[in-house]
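Residue-level listing of the chains:
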Amino acid sequence: MKFVAQYDQMDCGPACLSMISNHYGNPMSMQFLRDKSFITREGVSLLGIKEAAESIGIETLPAKTDIEGINNDLLPAIIHWNQNHFVVLNKISTNFFTRKKSYKIADPGHGFITLSEDKLKQSWYSDDNQGIILFLEPTDEFFNYESPEEKEVSFKTIFPYLKPHKGKIYWMFLLLLLGTITTLTFPILTQKLIDEGVVKKDLNVIIYILLGQLAFFFGNIIFEVVRNWITLTVGTKVNIQILSDFLKKLLKLPIKFFDSKLKGDFNQRIVDHDKIEIFLTSQSLPIIFSVITFSVFFGILWFYSFQILLVYIILTSFSVAWSLIWMRKRKILDYIRFQQRSENQESIYEMINGVSEMKLNDFENYKRTEWEKIQHKLLKINMRILKLDQIQLSGFEFFNQLKNIIVTFLAAYFVIKGHMTIGALLSVSYIIGQMNSPINQLVTFFRTLQDAKLSLSRLNEVQNHPEEENESHLPLMHERYTHQNSIEKGIYFKNVSYQYEGPQSRFVLKDINLFIPDGKVTAIVGESGSGKTTLMKMLLKFYEPISGNIFYNHHNIDDISPADLRRNSGVVMQDGYIFSDTIERNIATSDENIDYERLEKAMITANIKSFVESLPLGLKTKIGSAGNGLSGGQKQRFLIARAVYKNPHFILFDEATSALDAENEKVIHNNLQSFFKGKTVIVVAHRLSTVKNADQIVVLKDGEIIELGTHQDLVNKKTAYYNLVKNQLELGS
């Protein structure tokens, strides 16, 4: 079975399914299967894996059984591991002598492992001495299924980053060439020094040759210093551009892509870019000259002795082959280390961001212990890598040292027999030493190439993911929106349904038919989890309907540019973010030239102006990351000011005043009434003061509309809406 490592912490399920598809002869990429597995930030469920497998033509049978109910005819199968992970149970073997069974596991986060029956039970069984397993059987549909080809991110897409630095690279090329030429003179000078100077006792020749060697040595130092400066400059600029393009692409992806990712996953990808930069600037060009140097010394050594060259080639081939064999094993470990480092960074982010809650709930020791467990996992994987590196290096050095000893013996033998001069012997020794350096560089090159390829494969997921914006999208205010064709202006929901986790999961929204009139205020109310926020996010194209359509007048939301839609929308979400920047930049956001008159009006509307003016730096005051140092009410007022500053046609408020005190809420509510005039406003709220003056109120329950009308109409019905607000109104029956 071909091993497939998981890229991120949530990818174990798709990775298992990718190994299964490879095993049955129809390879499918993990990214393709990932999209079919309905992964969330909590990970993938067995149901999601089942749905993905059946969608590509594999019959599935989930079961809860013990180990006695499984044999090789039913394998490979996916099992639930340690109650939080998925692995492939690949094969059951029986020891010929002891008759004990062993179980081969393909763990996407660990590699291939072989376990005894007791160890398997320990990780697989739940409390009732049984484990969850998903049996899989391919059908004809699977063998005929053609998955879309995944575009490979190759070095062809990376090398263009070097083009803007052609001039500096030419200088690097020239300096490397000069360094190579000066290096090639040393064996010739060494032979001349011994044979023409020492043996013939000519002091002048010795002095001239030594001065020549000194000059070449200083020349090499100067070449290397200048080359290192150029390498640093080019490398840094290339790295900045690669990271900038990565972030540019990342920010063009739909919100749904980020829903299943953790901060640590993204940060580790950014850190991983260093490997690409090192390969491009520190390895790709020098290796060319290493090969040239090796080839020239190869020819010189051939001239001196073909027998010595033959021994050198055989033992060098052994040492290189040894290194490459162990590098393949190291590849799997690198995937695992990436995942562990990602998990480590996520743990640190969580502790830093949640320090207040940890202190309040006496949670520090538990989270620190969890972090220590991650460190122990990292230690184990680093020890595995170190062990492998030591085996690789020890074997490489052994073959190298054996080669040096045998070559020295042969050269000494030839001198004794009179077939070679002492100068030639020293020259051969120098050549062997210089030929070893390119071999070492070649092995290092292969290692950095492997690291860079692994980094590229992780980038592959981002680079191949479709952007949410495409050329076919039209602006929101296109003629399809402005030309009414005798329909009432507004937003239409037609049989809209949505699920987060696939066809078998519960509906967050179900068969929504709703008209939101243009220029009016629509309030959406309901219990927590009724689908209010999801409905609002669908209006912003964060999520696409599973079925049904949303129209802005006659303009289908599928055809609307997401960026232009949000440009025309002022939004305050429950989890609105305050940036680590000045107050004015937090309100004006993307405006390069801030309109201070509009900014002041926005602050007045949000009732935040007096607070800003009380600060020593006023609008230039820098707010901490995520609004640190601000109260919940102050954050919300800044978010409201940000939405008002845009002065858009569409206003979407999701519990925008939930953290405000009664006085501030009243002031802001009154200020917003004039701002709302002529605008299409959608407000999600619980407080009656926010919704009672709305032109229509929509009541959601379990993802369905159960009531629709004005405040007075719904109160008179004395049903769901009445029950939601009666405590606020003191409407006892």
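Residues numbered from 1 in each chain as written. Predicted model: local features only at pLDDT ≥ 70, side-chain atom pairs only at ≥ 80, totals over all residues. Heavy atoms only, no water.

- By the naming in an unreviewed UniProt entry, the protein is ABC transporter ATP-binding protein, taken from Chryseobacterium piperi.

**A short note on the overall build of the protein**
Moving on, step 1. A tally of helices and strands in the protein yields 24 helices and 16 strands.
Moving on, step 2. Relative to the 2.2 N^0.38 estimate, which gives 27 Å for 733 residues, the radius of gyration of the protein is 34 Å and therefore markedly larger than a compact globule would have.
Moving on, step 3. Along the first, second and third principal axes, the C-alpha set of the protein runs to 120 × 75 × 55 Å.
Moving on, step 4. Here the protein holds 733 residues, and 49% of them are scored as buried.
Moving on, step 5. Sequence separation of at least 24 residues holds for 74% of the intrachain contacts in the protein that already meet a minimum separation of 6.
Moving on, step 6. Of the roughly 37,100 Å² of accessible surface on the protein, 56% is carried by carbon and sulfur atoms.
Moving on, step 7. Of the charged side chains in the protein, 80 are positive and 79 negative, and the gap between their average positions amounts to 5 Å. (Helix = DSSP H or I, 4+ residues; strand = E, 2+ residues; numbered from the N terminus. Rg over C-alpha atoms; globule rule 2.2 N^0.38 Å. Buried < 20%, exposed > 50% of the residue type's maximum accessible area, 1.4 Å probe, protein only. Contact = heavy atoms within 4.5 Å. Areas by Shrake-Rupley, 256 points an atom, 1.4 Å probe, with all protein chains shown as cover. Lys, Arg positive; Asp, Glu negative; His and termini not counted. Charge placed at Lys NZ, Arg CZ, Asp CG, Glu CD.)

**Details of the pattern of salt bridges**
Moving on, step 1. Taken as a whole and judged by the stated rule, the model has 15 salt bridges.
Moving on, step 2. As a salt-bridge pair, glutamate 54 and lysine 50 come within 2.9 Å of each other at their nearest N and O atoms. With a gap of four residues between them, glutamate 54 and lysine 50 both fall in helix 3 (residues 46–55), about one helical turn apart.
Moving on, step 3. Given a relative accessible area of 34%, glutamate 54 falls into the partly exposed group.
Moving on, step 4. On the basis of relative accessibility, which here comes to 21%, the residue lysine 50 falls in the partly exposed class.
Moving on, step 5. Bridged by salt links that share partners, the residues Asp591, Asp595 and Arg598 form one connected network. (Salt bridge = Lys/Arg side-chain N within 4 Å of Asp/Glu carboxyl O.)

**Thoughts on the sheet that holds strand 3 (residues 85–94)**
Moving on, step 1. Strand order in the open sheet formed by six strands is 1-6-2-3-4-5, and the pairing between neighbours is antiparallel. Strand pairing shows two members of the sheet lacking a second neighbour, strand 1 (58–65) and strand 5 (111–116), which therefore form its edges. Neighbouring strand axes in the sheet, compared pairwise and without regard to direction, differ in orientation by 30° on average.
Moving on, step 2. Across the face of the sheet, helix 3 comes into contact with strand 1, strand 2 (77–81), strand 3 and strand 6 (131–138) while running at roughly 155° to strand 1. (Pairing = 2+ DSSP bridges. Axes fitted to C-alpha atoms, helices over the stretch in contact; angles between N-to-C directions.)

**Points about the packing of helix 18 (residues 596–605) against helix 20 (residues 632–646)**
Moving on, step 1. Direction vectors running N to C along helix 18 and helix 20 enclose 135°, while the axes themselves pass 8 Å from each other. Classified by the interaxial angle, the pair formed by helix 18 and helix 20 is oblique. Crossing of helix 18 over helix 20 shows right-handed handedness. Contacts between helix 18 and helix 20 pair Arg598, Leu599, Ala602, Met603 and Thr605 from the former with Ala641, Val644, Tyr645 and Lys646 from the latter.
Moving on, step 2. Counted by class, the contact of helix 18 with helix 20 contains six nonpolar, one polar and two charged residues. (Parallel < 35°, antiparallel > 145°, perpendicular 65-115°, else oblique. Left-handed = near helix turned anticlockwise from the far one by under 90°. Nonpolar A, V, L, I, M, F, W, Y, C, P; charged D, E, K, R; others polar.)

**A word on helix 20**
Moving on, step 1. With 15 residues, helix 20 should cover 21 Å at 1.5 Å per step; its first-to-last C-alpha distance of 22 Å lies within 8% of that length.
Moving on, step 2. Helix 20 sits mainly inside the fold: twelve of its 15 residues count as buried.
Moving on, step 3. Elements that come into contact with the buried residues of helix 20 comprise strand 12 (569–572), helix 17 (583–588), helix 18, helix 19 (609–613), strand 13 (650–654) and helix 21 (662–676).
Moving on, step 4. Following helix 20 by one or two positions, asparagine 647 adopts a phi angle in the positive range, close to 50°. (Expected span 1.5 Å × (residues − 1).)

**So, the domain arrangement of the protein**
Moving on, step 1. Structurally, the protein comprises domain 1 (11–144), domain 2 (155–464) and domain 3 (490–732).
Moving on, step 2. Placing the centre of domain 1 and that of domain 2 at their C-alpha centroids yields a distance of 38 Å. (Domains from an automatic or database assignment.)

**Points about the sheet that holds strand 7 (residues 490–498)**
The strands that make up a sheet are held in pairs by hydrogen bonds between backbone atoms, and each pair lies either parallel or antiparallel.
Moving on, step 1. With antiparallel pairing, four strands are arranged side by side in an open sheet as 8-7-10-11. Looking at which strands have only one partner, the edges of the open sheet turn out to be strand 8 (509–517) and strand 11 (555–556).
Moving on, step 2. Sheet topology places strand 10 (residues 547–552) next to strand 11; two bridges connect them, and they run antiparallel. Residue pairing in the sheet places tyrosine 552 in a bridge with histidine 555 of strand 11.
Moving on, step 3. Relative to the sheet, helix 15 (residues 532–539) contacts strand 7, strand 8 and strand 10, its axis offset from that of strand 7 by approximately 120°.

**Notes on the layout of surface pockets**
Moving on, step 1. By volume, the second largest pocket amounts to about 1,600 Å³.
Moving on, step 2. Forming the boundary of the second largest pocket are 43 residues, of which Asn84, Gln339, Gln340, Glu343 and Lys377 lie nearest the centre.
Moving on, step 3. Of all the elements in the fold, those that place two or more residues in the lining of the second largest pocket are strand 2, strand 3, strand 5, helix 4 (117–124), helix 10 (306–353) and helix 12 (364–416).
Moving on, step 4. The leading source of residues in the lining of the second largest pocket is helix 10, at nine residues. (1 Å grid on protein atoms, 1.4 Å probe; cavity = no way out; pocket = protein on both sides within 12 Å on 5 of 7 lines; lining within 4 Å. Points joined across faces, edges and corners; volume = space filled by probe spheres on them.)

**Comments concerning the nonpolar core**
Moving on, step 1. Membership of the largest hydrophobic core comes to 45 residues, with the highest contact counts inside it found for Phe638, Ile640, Phe653 and Tyr721.
Moving on, step 2. Among the elements that make up this core, the one with the highest residue count is helix 20 (seven residues).
Moving on, step 3. Beyond its immediate sequence surroundings of up to four residues, tyrosine 721 is in contact with Val525, Leu688, Val691, Ile697, Val699, Glu707, His711, Leu714 and Val715.
Moving on, step 4. Counting residues in hydrophobic clusters, the runner-up holds 31 residues, among them Ala5, Met10, Ala53 and Ala106. (Core = buried A, V, L, I, M, F, W, Y, C linked by side-chain atoms within 4.5 Å.)

**Topic: helix 4**
Moving on, step 1. Among the residues making up helix 4, those that are buried are Leu120, Ser123 and Trp124. Burial along helix 4 is one-sided: seen end-on, the buried residues are contained in an arc of 90°. Across helix 4 from its buried face, at more than 90 degrees, point the exposed residues Asp118 and Gln122.
Moving on, step 2. Where helix 4 is buried, its residues meet strand 1, strand 2, strand 4 (101–107), strand 5 and strand 6. (Arc of directions from axis to C-beta.)

**Notes on the packing of helix 10 against helix 12**
Moving on, step 1. At their nearest, the axes of helix 10 and helix 12 sit 9 Å apart, and the two run at 170° to each other. With respect to each other, helix 10 and helix 12 are oriented roughly antiparallel.
Moving on, step 2. Of the residues in the contact of helix 10 with helix 12, the class split is 27 nonpolar, twelve polar and twelve charged.

**A few points about the pairing of strand 5**
Moving on, step 1. The pairing of strand 4 with strand 5 spans six bridges and is classified as antiparallel. Residue pairing in the sheet places lysine 104 in a bridge with threonine 114 of strand 5.
Moving on, step 2. The antiparallel hairpin formed by strand 4 and strand 5 contains three residues in its connecting segment.

**Overview of the packing of aromatic side chains**
Moving on, step 1. Taken as a whole and assessed by the stated rule, the structure comprises 23 aromatic pairs.
Moving on, step 2. Centroid distance phenylalanine 409 to tyrosine 413: 6.4 Å. Interplanar angle 25°. Geometry classified as stacked. You can see phenylalanine 409 and its partner tyrosine 413 sitting in helix 12, four residues apart, about one turn around the helix.
Moving on, step 3. By relative accessible area, which is 40% here, tyrosine 413 ends up partly exposed. (Phe/Tyr/Trp six-rings, centres within 6.5 Å; stacked < 30°, edge-to-face > 60°.)

**Considering a nonpolar patch on the surface**
Moving on, step 1. Together, Leu203, Ile207, Tyr208, Leu211, Leu214, Phe217, Phe218, Ile221, Val225, Trp229 and Leu232 make up a nonpolar patch on the protein surface, roughly 1,200 Å² of accessible area in all.
Moving on, step 2. Mapped onto the elements, phenylalanine 217 comes out in helix 7 (residues 203–250). (Patch = residues over 30% accessible without salt bridge, like charges linked within 9 Å, V, L, I, M, F, W, Y side chains within 5 Å.)

**Some points on a negative patch on the surface**
Moving on, step 1. On the surface, a cluster of negative charge is made up of Asp511, Glu527, Asp702 and Glu704.
Moving on, step 2. Along the polypeptide, aspartate 702 turns up in the loop between strand 15 (696–701) and strand 16 (704–709).

**Some details on the side chain of histidine 473**
Moving on, step 1. Along the chain, the position of histidine 473 falls in the loop between helix 13 (422–464) and helix 14 (479–482).
Moving on, step 2. Its relative accessible area of 14% is what places histidine 473 among the buried residues.
Moving on, step 3. Ignoring sequence-local partners within four residues, the contact set of histidine 473 consists of Glu468, Lys541, Asp558, Asp559, Ile560, Ser561 and Pro562.

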